[in-house]
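The residues making up each chain are set out below.
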Amino acid sequence: MSGGAPSAGAPGTGARGPDRRGAGARGPDTRDGELDALTPGGPARRAGAPRVGLAGWRLPVEHARAVELTRRSGADGLQLDLGGPGRGARLDDPATLDEVRSAAAAHGVELLAVSGNTLNDIGLTAPEGTDDARRARRTLIRVLDAAHALGAPLAFVPSFRRSAIDGPRALRRTVSVLSWAAGEAADRGLSLANENDLAPDRARALAEEIGSPAFRLLLDTYNPRVAGVDVLALVEATAGLLAPQVHLKDGVDGVAGQVPLGDGDGRVAEALAALRKRDFAPYALVLENDYRDGGTERLARDIDRARSHARDFRTSMEKEIHA
């Protein structure tokens with residue numbers, strides 16, 4: 001971590017940094033409005049097939065090297081993690097941000113989102129006024145500032161482990177913290193999403209109670225299976241509230257990440273078909289199977305399968321346009 005006082009707008013200060021959109025991190029089909037991508041039928045529909053992305057925390061390398069691997073693998077974009085203790089190097093170190101931006105511009109990789117996975121270790125649900133609650137808010141600001149600095153349109157936070165929404169009190173705290181964070185995201189021209197394992201009616205209630213146009217739910221195709229939730233019922237209940245980036249993951253018997261996409265019991269194809277039926281056009285399909293062992297064959301196969309799903313969305317869009 002660099003020493004000295006942070007400059008105004010630097011990641012972690014909470015101030016809005018310089019607008020670096022168009023610096024090479026985005027693809028050619030930029031959004032017409034800052035929050036336009038939140039609505040189904042928005043830019044993804046105009047741009048054709050969804051991008052195929054990778055989740056940086058599921059790759060054997062991180063940050064700028066993950067950008068290079070994304071391009072070599074043939075994927076279009078990358079979601080990055082903030083990092084932290086036990087989760088890799090800090091993304092929001094100024095030198096790292098510069099390296100990532102430069103790599104994205106050099107390799108033509110779109111930086112899709114920044115995740116705050118370390119919040120699973122801190123706890124979004126920590127009681128107001130506690131050290132953990134203050135740390136969670138500081139971490140959320142760092143996630144938002146990093147996404148803004150990289151020109152990524154989406155920041156998202158998970159609700160698992162210490163952030164699990166496991167009862168009424170945890171739900172109230174999550175609503176409170178994410179309502180505040182959604183306002184901070186909107187101030188930066190970002191969308192904020194939450195990934196959780198709630199039942200369909202509770203997931204919808206969470207989004208509706210937060211009630212911000214900057215806030216959406218992030219769909220993962222296998223997390224519902226792990227939690228015993230019907231992914232098709234979840235899509236039915238929340239399609240109009242979903243973020244435009246969808247995690248593709250599969251598994252067997254509730255163990256995720258190692259099974260080739262579509263070969264497990266995650267009902268991936270059915271979930272994506274349900275999204276198409278609901279006229280939801282994602283901006284990106286992001287692979288979150290586990291590739292940290294460095295095996296390139298599994299990654300290549302999953303990218304091919306994700307491309308096939310992306311083409312299905314494009315075909316669906318074209319049929320609708322010409323109907």
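One numbering rule holds for all chains: residues counted from 1, following each sequence as written. The predicted origin of the model limits local features to residues at a pLDDT of at least 70 and limits the giving and counting of side-chain atom pairs to 80 or more, whereas totals for whole chains, interfaces and linings rest on all residues. Derived side-chain values reflect all non-hydrogen atoms in the structure, with water molecules and hydrogen atoms excluded from consideration.

Enquirer: It is not clear to me how the overall build of the chain should be interpreted in this structure. Could you clarify?
Expert: Secondary structure counts use DSSP, requiring at least four H or I residues in a row for a helix and at least two E residues in a row for a strand, with both numbered from the N terminus. Assigned secondary structure in the chain consists of eleven helices and ten strands. Residues counted as buried form 55% of the 323 residues belonging to the chain. A separation of at least 24 residues holds for 76% of the contacts in the chain among residues at least 6 apart in sequence. Here, Shrake-Rupley sampling with a 1.4 Å probe gives the accessible areas, and only protein chains in the shown set may cover a residue. Taken as a whole, the chain presents about 12800 Å² of accessible surface, with 50% of it coming from carbon and sulfur. Note on exposure labels: buried denotes an accessible area under 20% of the residue type's maximum, exposed denotes more than 50%, and partly exposed covers the range between, all computed with a 1.4 Å probe on protein chains only. Residue contacts follow a heavy-atom distance rule, with two residues in contact if any of their heavy atoms lie within 4.5 Å.

Enquirer: Mind showing me how you'd approach the side chain of Asp81 here?
Expert: Checked against the element boundaries, Asp81 lands in strand β2 (residues 77-81). Comment: no salt bridge for buried Asp81; closest opposite-charge side chain is Arg87, at 5.3 Å. Looking at Asp81, its side chain comes within polar contact range of the main-chain nitrogen of Asn117, at 3.0 Å. Sequence-distant contacts of Asp81, defined by excluding residues within four places in its chain, comprise Trp57, His63, Arg87, Leu91, Ser115, Gly116 and Asn117. A positive count includes Lys and Arg, and a negative count includes Asp and Glu. His and the chain ends are not counted in either. Every case where a carboxyl oxygen of Asp or Glu lies within 4 Å of a side-chain nitrogen of Lys or Arg is listed as a salt bridge. Two N or O atoms count as a polar contact when they lie within 3.5 Å, although within protein this holds only if one can serve as hydrogen donor and the other as acceptor, and sequence-adjacent residues are included solely when both atoms are side-chain atoms.

Enquirer: How should I be thinking about the pattern of salt bridges in this particular structure?
Expert: Oppositely charged side chains may form a pair once their charged atoms are brought near each other. Applying the stated rule across the entire model yields 24 salt bridges. Arg173 serves as the salt-bridge partner of Glu128, at 3.1 Å between the closest nitrogen and oxygen. With Glu128 in the loop between α4 (119-122) and α5 (131-150) and Arg173 in helix α6 (residues 168-187), this residue pair connects regions lying 45 residues apart in the sequence. Classification of Glu128 by relative accessible area gives exposed; the value is 55%. One connected set of salt bridges, linked through shared partners, spans Arg58, Asp290 and Arg292.

Enquirer: Explain the confidence of the model for the chain here, please?
Expert: Caution is warranted with low-pLDDT regions, since their predicted coordinates should not be read in detail. Confidence scores labelled pLDDT are given residue by residue by the predictor and lie between 0 and 100. Looking at the chain as a whole, its pLDDT mean stands at 87, while 85% of the residues score no less than 70. Ignoring residues within four places in sequence, the model shows residues 1-46, a span with pLDDT below 50, making 96 contacts including any to other chains.

Enquirer: Explain the packing of aromatic side chains to me, please; I cannot follow it from the model alone.
Expert: One pair of aromatic rings is described through two measures. These are the centre distance and the angle between the planes. Two rings from Phe, Tyr or Trp (for Trp, the six-membered ring) form a pair when their centres sit within 6.5 Å of each other. Planes less than 30 degrees apart are called stacked, planes more than 60 degrees apart edge-to-face, and all others tilted. Enumeration over the complete set of coordinates arrives at one aromatic pair. Across from the ring centre of Trp180, 4.6 Å away, lies the NZ or CZ of Arg137, which sits over that ring. In this scheme, Lys NZ or Arg CZ marks a charge over a ring once it lies within 6 Å of the ring centre and within 35 degrees of the ring normal. Looking at Arg276, its charged tip hangs above the ring of Phe313, at a distance of 5.3 Å from the centre.

Enquirer: Would you explain the environment of His63 in this entry?
Expert: Within the element layout of this structure, His63 appears in the loop between β1 (51-55) and α2 (64-73). A sequence separation of 18 residues divides His63 from Asp81, and the C-alpha atoms of the two residues are 8.3 Å apart. Not counting residues within four places of it along the chain, the set of residues in contact with His63 comprises Leu78, Leu80, Asp81, Ala89, Arg90, Leu91, Thr96 and Val100.

Enquirer: Help me understand the environment of Leu190 in this model?
Expert: Mapped onto the elements, Leu190 comes out in the loop between α6 and β5 (191-195). Relative accessible area serves as the criterion here: at 0%, Leu190 is assigned to the buried category. Each C-alpha atom, one on Leu190 and one on Ala214, is 7.1 Å from the other, the two residues being 24 residues apart in sequence.

Enquirer: What is the right way to look at unusual backbone geometry in this model?
Expert: Trans peptide bonds make up the majority, and among non-glycine residues the majority have a negative phi. Positive phi is not limited to glycine here, since Arg267 has a value of about 55°. Residue position: Arg267 is located in the loop between β9 (255-256) and α10 (268-277). For Arg267, a relative accessible area of 36% gives the class partly exposed. We note that Asp279 has phi near 65°; this positive angle belongs to a residue other than glycine. Residue class for Asp279 comes out partly exposed when judged on its relative accessible area of 31%.

Enquirer: What is the right way to read the nonpolar core from this model?
Expert: Across soluble globular proteins, nonpolar side chains have a tendency to be buried as a group. Side-chain atoms within 4.5 Å link the members of a nonpolar core, which is a set of buried Ala, Val, Leu, Ile, Met, Phe, Trp, Tyr and Cys residues. Ranked by size, the top nonpolar core spans 77 residues in total, and within it Leu192 and Leu275 carry the most contacts. Residues in contact with Leu275, not counting those within four places in the same chain, are Leu219, Val235, Leu242, Val246, Phe280 and Phe313. Counting residues in each nonpolar core, the second largest holds twelve residues, with Leu154, Ala193, Leu218 and Ala284 among its members.

Enquirer: Even after reading the chapter, I still don't get the sheet that holds strand β3 (residues 110-115), so can you show me in this structure?
Expert: Across a sheet, paired strands are connected by hydrogen bonds in the backbone, their directions being either parallel or antiparallel. Only strands joined by at least two bridges in the DSSP assignment are considered to pair. Sheet architecture is open: eight strands sit in the order β6-β5-β4-β3-β2-β1-β10-β7, paired in parallel fashion. Of all strands in the sheet, those bounded by a partner on one side alone are β6 (215-217) and β7 (245-248). On average, adjacent strands in this sheet sit at an angle of 30° to one another, irrespective of strand direction. Pairing geometry for β5 and β6, over three bridges, is parallel. From the neighbouring strand, Ala193 faces β6, where its bridge partner is Arg216. Note on geometry: axes are lines fitted to C-alpha atoms, helical ones only across the stretch in contact, with angles between N-to-C directions running from 0 to 180 degrees. The sheet contacts of α6 involve β4 (154-158), β5 and β6, and relative to β5 the element is tilted by about 150°.

Enquirer: I would appreciate a short explanation of helix α9 (residues 231-238) in the present structure.
Expert: Quick reminder: α-helices carry 3.6 residues per turn. Residues three or four places apart thus point the same way. Among all positions in α9, only Val231, Leu234, Val235, Ala237 and Thr238 are buried. Of the surrounding elements, those touching the buried residues of α9 are α7 (200-210), β6, α8 (223-227) and α10.

Enquirer: Honestly, the pairing of β4 in this entry has me stumped. Any pointers?
Expert: Regular strands place side chains that alternate from one sheet face to the opposite one. Counting buried positions over the five residues of β4 gives five, a clear majority of the element. Neither face of β4 is left uncovered, since the one carrying Leu154, Phe156 and Pro158 and the one carrying Ala155 and Val157 both have all their residues buried. Both β3 and β4 contribute to a ladder of three bridges, which runs parallel. In the sheet register, Ser115 faces β4, and the bridge partner there is Phe156. Here β4 runs beside β5; their pairing, made up of five bridges, is parallel. What sits directly across from Phe156, in β5, is Ala193. For crossovers, right-handed means that the path from the first strand over the helix to the second runs clockwise, given strands pointing away from the viewer. For the crossover that starts at β4, traverses α6 and ends in the parallel β5, the hand is right-handed.

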